[in-house]
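The chain contents come next:
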Amino acid sequence: MLLTMQDISKAFSGVSALRSASLSIAEGEVMALVGQNGAGKSTLIKILTGVYQRDTGLIKFQDEDVVFATPSASQAKGIATIYQEINLAPQRSVAENIYLSREPRKFFGLLDRRAMREGAAAVLKTFNLDIDVDMPVAHFNAATRQMIAIARAVTQKAKLVIMDEPTSSLDEREVGILFDTIRTLKKNGVSVLFIGHRLDELYEICDRVTIMRDGQTVAQSAMQDMPKMELVRHMLGKELAAFEAIARDAGNDDSRPIRLSAEAVGSGVRVRDVSLTVREGEISGLAGLLGSGRTETARIVFGVDKLDKGKIRVDGKERSYSEPADAIADGIGLVSEDRKIDGIVPDMSIRENMTLALLPKLKKAGIVDRARQQEIVTRYIKALGVKCASPDQPIKELSGGNQQKVLLARWLCTDPRILIIDEPTRGIDIGAKAEILKLLRSLADEGLSVLMISSELEELLAAADRVTVLSDGRSVAVLKRNELSETALLSAMAHQVN
Amino acid sequence: MSMISRRTFMMAATAMGALALAGSVAYAELPALAKKDTYKVGFAQTESNNPWRIAQTESMKAEAAKLGYQLVYTDAAGSAAKQVADVNSMIAQGVDVIFLAPREEKPLIPAVMAAKKAGIPVVLLDRNVDQSLAKAGEDYVTFIGSDFIDEGKRVAEWLAKNANGKSKIIELEGTTGSSPANDRKKGFDEAITAAGGFEIVASQTGDFARDKGRQVAEALLQAHPDADIVYAHNDEMAIGAIAAIEAAGKVPGKDILVLSIDGGKEAVQAVVDGKIAAVVECNPRFGPKAFETMARFAAGEKIEPWVINTDKFYDASNAAAELSSAY
Amino acid sequence: MTTIETSSPPAVRSSRVNAAKLLSRYGTFAAFIALLIFNLIVTPNFVSWQTLNVNLTQVATIVIVAVGMTLVIATGGIDLSVGSLMAIAGAAAPMIFMGQLLPIENMGILIILSFILPILLVMAFGWFNGFLVTRFSIQPIVATLVLFIAGRGLAQVATNGNLQVFKNPDFQFIAMGRIAGIPAQVVVMIIVAILAHCLIRYTVIGRQIIAVGGNEKAARLTGIPVRRVKTFVYVISGALAGLAGLIVVARNSASDANLVGLGMELDAIAAVAVGGSLLTGGRANILGTVLGAFVIQLVRYTLLANGVPDAAALIVKAGLIIVAVFIQQRADKA
Amino acid sequence: MTSMLKTLSRPFVAKSSGDLARLGVLLALAGLILFGALRYDNFISPFNILSFLRYNSMFALIALGMAFVIITGGIDLSVGGVAAMASVVAAYLSLYGWFPGLAGGVLAGLVAGSINGVITTRLRIQPFIATLAMMLAAYGTALLLANNQSVSVSYDTAFTMIGQDDFLGFPIPGWIAGFAYVLGWIFLERHPAGRHVLAIGDGEATANLMGLKVERTLFAVYALSGVLAGLAGVILASQFGAGQPTEGVGWELFAIASVVVGGTLLTGGSGSVGATLAGALLLAMVFNILNFENGLGWISLSAYWQSVIRGVFLLIVVVLQAGLMKKTEA
């Protein structure tokens, strides 16, 4: 075994995060690590890499008892980590990022910049990546940054590469490249710890799987010995049916009035020519590969980014919002993609987070109507099944799924007519995913128009009444309910790629 | 840069190099001043954040204007280092004479020496420089002004005679580290100890400011209710102290004697009103005397090392009569 | 929708965490009490109405400015210009009621104007701070540095650096007068603190201030007019600084543009920090700020009354700030 | 963590935005020098240039330390107080020779800077607060040590040479500052540790995960700022012949302004040593020009106008920079 972790436990200010977790990885093996949010995967990794210190337990790496006091100590031993939020210094160059903390040096310990540049270019070439290594990392898209991070791990001569949800921001093609890279690593005797949610990917690339739940390791087996349903059962601790199709049967009901329409909308370089419609009481999907302009389109509609060209109509009237506040006044809501960055206000309570958008309507002479606020919050906590100790609990203490429900409630309580929801189930465990999709459906049934941006095909297939597909900033196809299928979506998304 | 020949560059550089030596060895004569109709005169002021300094600047400007001289005025904003740089820029501009109101005794020596080296006579106003490092008549023309130590001493001497049994003193010091604060404290403390029978129950800084002086006096009067004398290093703090005394329900002049230095109009008026017992003047009107001294120097006269600016003394006996002449 | 899960048992919190939380919540208060006890034992003549009076009147201006600073810091900003704005308001008021600016004879009107116009003026400067911060995305520390440097200069230019001495009981009521036996400036302080506390706690704009400081992007996406909210806090900070400036000049019967409010930004920031609002924004503890200002004032009084020299007092103040902030952050992490 | 999120969420920063601002400061400096040369006699005389450099070397040193601190996303408000304290220590020790004076002042700066480093990295107190407290403590210590007055340096040892002498016709303080800037440039641009400073400013959490010694580097940066402030204090004592416990007020703002004018954002992660020097010289040049302008005698600008002009100048620079940044980002 390359790595053995045994009976690891860890508590944060009295709250236990890991209770007797274990993990073992052989040389040249790709190990999947799965579990719901809060199962303790991140904590386990952070203990392994020296970000946290374990309370009890044993770690053996290359047959040696180890305690890593810092991330650099674990790196020195050959453990490289690629975190979910890509851990590169955005303003530093590609070459610098690849070599940061173990730069090639020449006389007086000065940087050997040529060696650095050439080394970086060479290693990137092995991944078929030909970019200017002097450019700051911030210039490149998420996928490229991911590859840079892996290149960094490769040059570290790592024995174990930990990848925390590496595919979450990659498109199909890029996933392919990544998997090729993993296979190369494997061939060279490097082990990979692969943390992911997408089951198909796990079965494609991993040799074995370790499943965690509630801070414990609940199962460990070879991948092929673990049927999908069994895996999910271990994760959730219960059986779960696959997504039921919850879209409207009489899907392409074009008789419903159009609530929101974009006509040849463009802004900057990310959105060039997008047209879409959302009708009353339907869930309209917006699909496309990463970087196709989905999120950006939503931002334009919502008045976050400026509209350069084209028209946006709401209920038939032409609109161009300069601030989200204007869109909100027209009954539009936006649940954004990244909860942490532009969703929650972490230190504020659930109550406050939920009513943030509603506040202006909750006032009497400028003062918040506490009673009404309380009433609304109680109602939505119950209706959406938000699990919390009390409405006054800071939202940062909730799990991702519950945070998402609060953010959804933030808009629902404003009684919107149009709800734009960007990646409604990202980072949420499977149980909560189905719940949220069902909820969206029932809202649509009540007349709400939903524009659902998603990168998960099964989600679109299950819930959307119509899907607009974007590619490279242009809308390239509109698939009605009866035309929707995995192949249809994929081929539309692949438009212009080949 | 190309316009400057290598030779002048090197010469100036050596001149600067010689400067370091000038600190300990006085070797050159005092620069002379030619007799001219009009002069370009530099005045390097220390700061302008109090009425006294403003009065001094006004006086210098007014006198220069009257004589038709061109005045190069700089303000060091309370930094001795900047004041040296200011003097250097005056030297660069080629002024005929420099009036310098040095912020501190020691750090301004390099300015005096640089001017001397450049052949520009320097006249010091209101504060002197360290006599062990630079000498009047050799390194600079003269020092015009009064003696801060003596001012403190005069207050103490008046008090020794007129205390009427009062003996517990609260001292409001000037800005910590500034030379008038140090000197006015030194002169007073030494003389009052020598006089005997007095006790300084508290001594704290009021930053030469009215507001701070009042706040400090309020606190000290509370902590030392038996105090019956307040000695402030300047008028502003004395006026602040009066407000504090009144707020504490006591009568300034009766329950508590207030003593001050500077003698501005507001303070002299307070003497007339009986609120301040006595104030030593520190006259800021340097203009006439400064330019008169300069004229004498240009005429080739030998100037005494210390041109004393006579300071008045105001108490109940003369304040009313002198009020109109206070600055 | 009926996934009711037995919620995990209430987290067992160690006593150390409790101690840290307690210390942060009541630490400033405890320090205040400790200082009181220390003074009762050590400082001569501490127990008297006049001592209370002296301390309350002296702390009033710091509290007023620090309250505005708390709002600015709650949005994640900082306002270095408060001292200069105090000088501007303090310089403008006497010019008005001494009749130098306006051709108005009626003293009553002049007095009223000499309260309103200076505060409006510094509110405009506060707006300018907010404008730089919101329009040009200039970091608050740099944006307000501009007026920190230039503002006092403007006041000095306007008065030519001269002291304006006056006696005007009507104008000076704000500092010298008493309302029901309580000094007017203390009344003003209490009103300002209570209003600010209510503003933060109960009003929409107050909650929006906190949201902007807590997560600016999220705030914008929920329709909060971020720029307006930010500009608002700088305007309020300016207005309160102006009010404090008026009190200072009224108290001294003189306006000195060179000195009014000098160093006030540091006192105010220290009061906010000691009072438990972290400089990172997203929180505004007005009562904490008031208590923080009281602690700082009491420390100053203690050192003065016991004859500790100024230099040593500086070091004590430094230690106090570090200890207070350390406790705050420690508790925050726990 | 938040700073990383912040930078990541701002997707496309043009590489050249900082460079443009830096070019701007160089142009402004050149423009100001040209203006002075054309308008005033003796403005570009060797005397003026050399005394300008001799005096402003102190500020240049402090700005250099501040640049490093700001690149990490921090700030150091204590530099003025530390310089004052160091000048007092140096003055006392100058009795024993120039080296004890120099070493003592630098050591005093190192101690103060190290304390800043410990408080910010170990106690995790924000740099603004930590160094604000150090500013108060340093002035307090300086006044206590100096007994509230200036402390005369020894004229018998060679100590005063450090500040007042020339070497090869160029002021020694200028040499010291120049040397420090060359080292600073090599360190930042060509040495791994310098790149680490930049990477840490880019995001501490990320840098930590990448295996950089974040705490140690931050500590070193504050210590360095302290050392440079200490060195400025030594020059202060030496050049003016006295340790001055009340000097240094406002130096931190001058240094911050220099760094900002030099195109470095207070958020950290980028910055240039050369542009910082240009920024410091530019701001110092404004003072010099004002002195010369007063010398023309046409308008005698009072000191009050000078602070207004400085403020307006800072305003123009930051607004122009903000505009530049926006344009290149778009």
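Residues numbered from 1 in each chain as written. Chains lettered and ligands numbered in written order. Predicted model: local features only at pLDDT ≥ 70, side-chain atom pairs only at ≥ 80, totals over all residues. Heavy atoms only, no water.

A.B. asks: Honestly, the overall build of chain D in this entry has me stumped. Any pointers?
C.D. replies: The number of helices and strands found in chain D is 14 helices and 4 strands. The proportion of buried residues among the 330 residues of chain D is 66%. Across chain D, the fraction of contacts at a sequence separation of at least 24, relative to all contacts at a separation of at least 6, is 78%. Only carbon and sulfur atoms are counted for the fraction: they give 72% of the accessible area of chain D, which is about 10900 Å². (Helix = DSSP H or I, 4+ residues; strand = E, 2+ residues; numbered from the N terminus. Buried < 20%, exposed > 50% of the residue type's maximum accessible area, 1.4 Å probe, protein only. Contact = heavy atoms within 4.5 Å. Areas by Shrake-Rupley, 256 points an atom, 1.4 Å probe, with all protein chains shown as cover.)

A.B. asks: Teacher, can you tell me more about the pattern of salt bridges here?
C.D. replies: As a working rule, side chains carrying opposite charge can pair if their charged atoms are close by. Counted according to the given criterion, the structure contains 57 salt bridges over all chains. Among the ionic pairs, D189(B) bridges to K185(B), the shortest N-O distance being 3.0 Å. Highlighted residues: D189(B) and K185(B), both in helix 6 (residues 179–195), separated by 4 residues, approximately one helical turn. Here the salt bridges do not stand alone but share partners, grouping R92(A), E96(A), E189(D) and R195(D) into one network. (Salt bridge = Lys/Arg side-chain N within 4 Å of Asp/Glu carboxyl O.)

A.B. asks: Please clarify how the sheet that holds strand 9 (residues 216–222) of chain A should be interpreted in this entry.
C.D. replies: All names here are of chain A. What the 6 strands build is an open sheet, ordered 5-6-7-3-8-9; its pairing is mixed. Looking at strand neighbours, the two that pair on one side only are strand 5 (79–82) and strand 9, the edges of this open sheet. On average, adjacent strands in this sheet sit at an angle of 20 degrees to one another, irrespective of strand direction. (Pairing = 2+ DSSP bridges. Axes fitted to C-alpha atoms, helices over the stretch in contact; angles between N-to-C directions.)

A.B. asks: What is the right way to read a nonpolar patch on the surface from this model?
C.D. replies: A grouping of Y26(C), F29(C), I33(C), I37(C), F38(C), L40(C), I41(C), V42(C) and V47(C) is seen on the molecular surface, where their side chains present a nonpolar patch of about 900 Å² in accessible area. Position of L40(C) among the secondary structure elements: in helix 1 (residues 15–42). (Patch = residues over 30% accessible without salt bridge, like charges linked within 9 Å, V, L, I, M, F, W, Y side chains within 5 Å.)

A.B. asks: Just to check I follow, could you spell out helix 4 (residues 109–117) of chain B for this structure?
C.D. replies: Because an α-helix packs 3.6 residues into every turn, residues spaced three or four apart end up facing the same way. All names here are of chain B. Counted residue by residue, helix 4 has 8 buried out of 9 residues, so it is predominantly covered. Looking at helix 4, one finds that the buried residues are I109, P110, A111, V112, M113, A114, A115 and K116. Immediately downstream of helix 4, the backbone of G119 shows phi near 80 degrees, a positive value.

A.B. asks: Looking at this structure, I do not really get the nonpolar core. What am I missing?
C.D. replies: Taken as a class, soluble globular proteins show a tendency for nonpolar side chains to be buried jointly. Formed by 279 residues in total, the largest nonpolar core has its most connected members in I98(B) and L172(B). Counting residues per element, this core draws most heavily on helix 3 (residues 46–71) of chain D, at 16 residues. Counting 72 residues, the second largest nonpolar core, distinct from the first, contains A327(A), L408(A), I420(A) and L448(A). (Core = buried A, V, L, I, M, F, W, Y, C linked by side-chain atoms within 4.5 Å.)

A.B. asks: Could you clarify how one ought to interpret the interface of chain B and chain D in this entry?
C.D. replies: Chain B puts 45 residues into the contact, and the matching count from chain D is 44 residues. If you look at where chain B meets chain D, you find 0 salt bridges. Remark: the boundary between chain B and chain D carries 12 residue pairs in polar contact (both at pLDDT 80 or more). Every element with two or more residues in the side of chain B that touches chain D is listed here: helix 1 (6–22), helix 2 (51–67), strand 2 (70–75), helix 3 (80–93) and helix 4 of chain B. Among the elements that line the side of chain B that touches chain D, the one with the most residues is helix 3 of chain B, at 11 residues. In terms of residue class, the side of chain B that touches chain D is built from 23 nonpolar, 14 polar and 8 charged. (Polar contact = N/O pair within 3.5 Å; in protein donor to acceptor, adjacent residues only side chain to side chain. Nonpolar A, V, L, I, M, F, W, Y, C, P; charged D, E, K, R; others polar.)

A.B. asks: Explain the packing of helix 7 (residues 184–202) of chain C against helix 12 (residues 286–305) of chain C to me, please; I cannot follow it from the model alone.
C.D. replies: Geometrically, a packed helix pair is captured by the angle between its two axes and the distance between the axes. Residues and elements named next belong to chain C. Here helix 7 crosses helix 12 at 150 degrees, and the two axes come no closer than 9 Å. Contacts from M189, A193, A196, H197 and I200 of helix 7 reach helix 12 at I286, L287, V290 and F294. Broken down by class, the residue content of the contact of helix 7 with helix 12 amounts to 8 nonpolar, 1 polar and no charged.

A.B. asks: It is not clear to me how the pairing of strand 2 of chain B should be interpreted in this structure. Could you clarify?
C.D. replies: On a regular strand, each side chain points to the face opposite its neighbour's, so the side chains alternate between the two faces of the sheet. All names here are of chain B. Among the 6 residues of strand 2, 5 are classified as buried, and the element is accordingly described as predominantly covered. In this structure, strand 1 (residues 40–45) lies alongside strand 2, joined through 6 bridges in parallel fashion. What sits directly across from Q45, in strand 2, is D75. Chirality of the crossover, the property in question, places the unit of strand 1, helix 2 and strand 2 among those that are right-handed. (Right-handed = clockwise from strand over helix to strand, strands pointing away.)

A.B. asks: I tried to follow the sheet that holds strand 8 (residues 229–232) of chain B on my own but got confused; where do I start?
C.D. replies: Whenever strands of a sheet pair, they do so through backbone hydrogen bonds, lying parallel or antiparallel. Residue and element names in this part refer to chain B. Read from one edge to the other, the open sheet built from 6 strands follows the order 7-6-8-9-10-12, with strand pairing classed as mixed. Among the strands making up the open sheet, the edge pair consists of strand 7 (199–205) and strand 12 (313–315). Direction aside, the axes of adjacent strands within the sheet are offset by 15 degrees on average. Sheet topology places strand 9 (residues 257–262) next to strand 10 (residues 278–281); 4 bridges connect them, and they run parallel. Across the sheet, the residue bridging to D262 is E281, located in strand 10.

A.B. asks: Just to check I follow, could you spell out the packing of helix 3 of chain D against helix 11 (residues 214–240) of chain D for this structure?
C.D. replies: All names here are of chain D. Closest axis-to-axis distance for the helix 3/helix 11 pair is 8 Å, and the angle between their directions is 170 degrees. In this view, helix 3 runs roughly antiparallel relative to helix 11, as classed from their interaxial angle. Counted together, R54, Y55, S57, M58, L61, I62, L64, G65, M66, F68 and V69 of helix 3 and V221, Y222, L224, S225, L228, A229, L231, A232, I235, L236, Q239 and F240 of helix 11 form the full contact between these two elements. Of the residues belonging to the contact of helix 3 with helix 11, the class tally is 18 nonpolar, 4 polar and 1 charged. (Parallel < 35°, antiparallel > 145°, perpendicular 65-115°, else oblique.)

A.B. asks: I would appreciate a short explanation of unusual backbone geometry in the present structure.
C.D. replies: Phi is mostly negative for residues that are not glycine, and the peptide bonds are mostly trans. At D207(B), a position not held by glycine, the phi torsion is positive, near 55 degrees. With respect to the helices and strands, D207(B) occurs in the loop between strand 7 and helix 7 (210–223). A positive phi angle is found at S253(C), which is not glycine, with a value near 55 degrees. Mapped onto the elements, S253(C) comes out in the loop between helix 10 (226–252) and strand 4 (254–255).

A.B. asks: Which parts of the structure should I look at to understand empty space enclosed by the protein?
C.D. replies: The probe, sized like a water molecule, is rolled over the atoms to show the empty space still left. By the definition in use, this model includes 6 cavities of 30 Å³ or more. Along the wall of the largest cavity there are 16 residues; nearest its centre are Q75(A), T81(A), N87(A), R152(A) and L209(D). Contributing elements (two or more residues each) for the lining of the largest cavity: helix 2 (71–77), strand 5 and helix 5 (142–155) of chain A. Within the lining of the largest cavity, the residues separate by chemical class into 9 nonpolar, 6 polar and 1 charged. (1 Å grid on protein atoms, 1.4 Å probe; cavity = no way out; pocket = protein on both sides within 12 Å on 5 of 7 lines; lining within 4 Å. Points joined across faces, edges and corners; volume = space filled by probe spheres on them.)

A.B. asks: Teacher, can you tell me more about the pairing of strand 19 (residues 449–453) of chain A here?
C.D. replies: Residue and element names in this part refer to chain A. Where burial is concerned, most of strand 19 is hidden: 5 out of the 5 residues are buried. Side chains S449, L451 and I453 of strand 19 all project onto a buried face; the interleaved residues V450 and M452 project onto the opposite face, where all are buried too. For strand 12 (residues 283–288) and strand 19, the ladder comprises 4 bridges, and the chain directions are parallel. Each residue of the ladder has a partner; that of L286, found in strand 19, is I453.

A.B. asks: Looking at this structure, I do not really get the side chain of R481(A). What am I missing?
C.D. replies: Residue and element names in this part refer to chain A. Here R481 is to be found in the loop between strand 21 (474–480) and helix 17 (486–493). D465 provides the closest opposite charge to the buried, salt-bridge-free R481, at an N-O distance of 5.4 Å. A polar contact of 3.0 Å, which involves the side chain of R481, links it to the backbone oxygen of L461. A polar side-chain atom of R481 sits 2.5 Å from the main-chain carbonyl oxygen of A464. (Lys, Arg positive; Asp, Glu negative; His and termini not counted.)

A.B. asks: What am I meant to see in the packing of aromatic side chains here?
C.D. replies: Remark: the centre distance and the inter-plane angle together describe each pair of aromatic rings, the angle taken between the planes. All names here are of chain D. Applying the stated criterion across every chain, the model contains 29 aromatic pairs over all chains. Ring geometry for F59 and F254: centres 4.9 Å apart, planes at 50 degrees, overall tilted. Of the two residues, F59 sits in helix 3 while F254 sits in helix 12 (residues 251–261), which places them 195 residues apart along the sequence. For F59, a relative accessible area of 8% corresponds to the buried category. Assessed through its relative accessible area of 13%, F254 is described here as buried. (Phe/Tyr/Trp six-rings, centres within 6.5 Å; stacked < 30°, edge-to-face > 60°.)

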